[in-house]
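Structural description and commentary
The lines below spell out each chain.
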Amino acid sequence: MTDIERLILLERSAETERAKLAGLMGPEYEEQWRAWRRASEAVQAAITEHATATDQNRYEVEQAVKAAVRHAEEDPAG
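Right, let's walk through the structure included here. Owing to the predicted nature of the structure, the values given are computational and were not obtained by experimental measurement.

What counts, and where the lines are drawn
- Residues numbered from 1 in each chain as written.
- Predicted model: local features only at pLDDT ≥ 70, side-chain atom pairs only at ≥ 80, totals over all residues.
- Heavy atoms only, no water.
- Core = buried A, V, L, I, M, F, W, Y, C linked by side-chain atoms within 4.5 Å.
- Buried < 20%, exposed > 50% of the residue type's maximum accessible area, 1.4 Å probe, protein only.
- Helix = DSSP H or I, 4+ residues; strand = E, 2+ residues; numbered from the N terminus.
- Contact = heavy atoms within 4.5 Å.
- Salt bridge = Lys/Arg side-chain N within 4 Å of Asp/Glu carboxyl O.
- Expected span 1.5 Å × (residues − 1).

1. Topic: the nonpolar core
Listed in full, the 11 residues of the largest apolar core are Leu7, Ile8, Ala14, Ala39, Val43, Ala46, Ile47, Ala51, Val61, Val65 and Val69. Sorting the residues of this core by element identifies helix 1 (3-19), helix 2 (26-53) and helix 3 (58-74) as the ones contributing at least two each. Top contributing element to this core by residue count: helix 2, with 5 residues. When residues no more than four places from it in sequence are discounted, the contact partners of Ala46 are Arg6, Leu7 and Leu10.

Spelled out as structure tokens, the structure:
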């Protein structure tokens, strides 16, 4: 698995955790929010690490990862 594939998986995981917030309230919301926050922090750290290691613009790496995730979600064959 390439670094980019790993970043895409991490971003998908964060998006899955975020989507689980829908309809929750109270303690359940708070618990799920923490799960989403952990997943989001993990992807952000991995993006920063990858950008630094490959001497790329961090913002551009993040945008490419997010675009890849969105594209895969929109692709009916994906």
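Once the structure has been displayed, the description carries forward.
2. Description of the pattern of salt bridges
Applying the stated criterion across every chain yields a total of 6 salt bridges. Two residues, Lys66 and Glu11, come together in a salt bridge whose shortest N-O distance is 3.3 Å. Here the residue Lys66 occupies a position in helix 3, and Glu11 occupies one in helix 1, the gap between them amounting to 55 residues. Residue Lys66 pairs with Glu62 through a salt bridge whose shortest N-O separation is 3.9 Å. Of the two residues, Lys66 and Glu62 are both situated in helix 3; the distance of 4 residues between them amounts to about one turn of the helix. One network of salt bridges, with partners in common, ties together Glu11, Arg58, Glu62 and Lys66.

3. Here we look at the side chain of His50
Mapped onto the elements, His50 comes out in helix 2. Once residues within four sequence positions are removed from consideration, His50 is found in contact with Asp3, Ile4, Leu7, Gln56 and Val61.

4. Quick notes on helix 2
If you check helix 2, its first and last C-alpha atoms are 41 Å apart, about what 28 residues at 1.5 Å a residue would give, namely 40 Å. Along helix 2, the positions that sit buried rather than exposed are Gln32, Ala35, Ala39, Ser40, Val43, Ala46, Ile47, His50 and Ala51. In the segment just after helix 2, Asp55 is the residue with positive phi, at about 55°.

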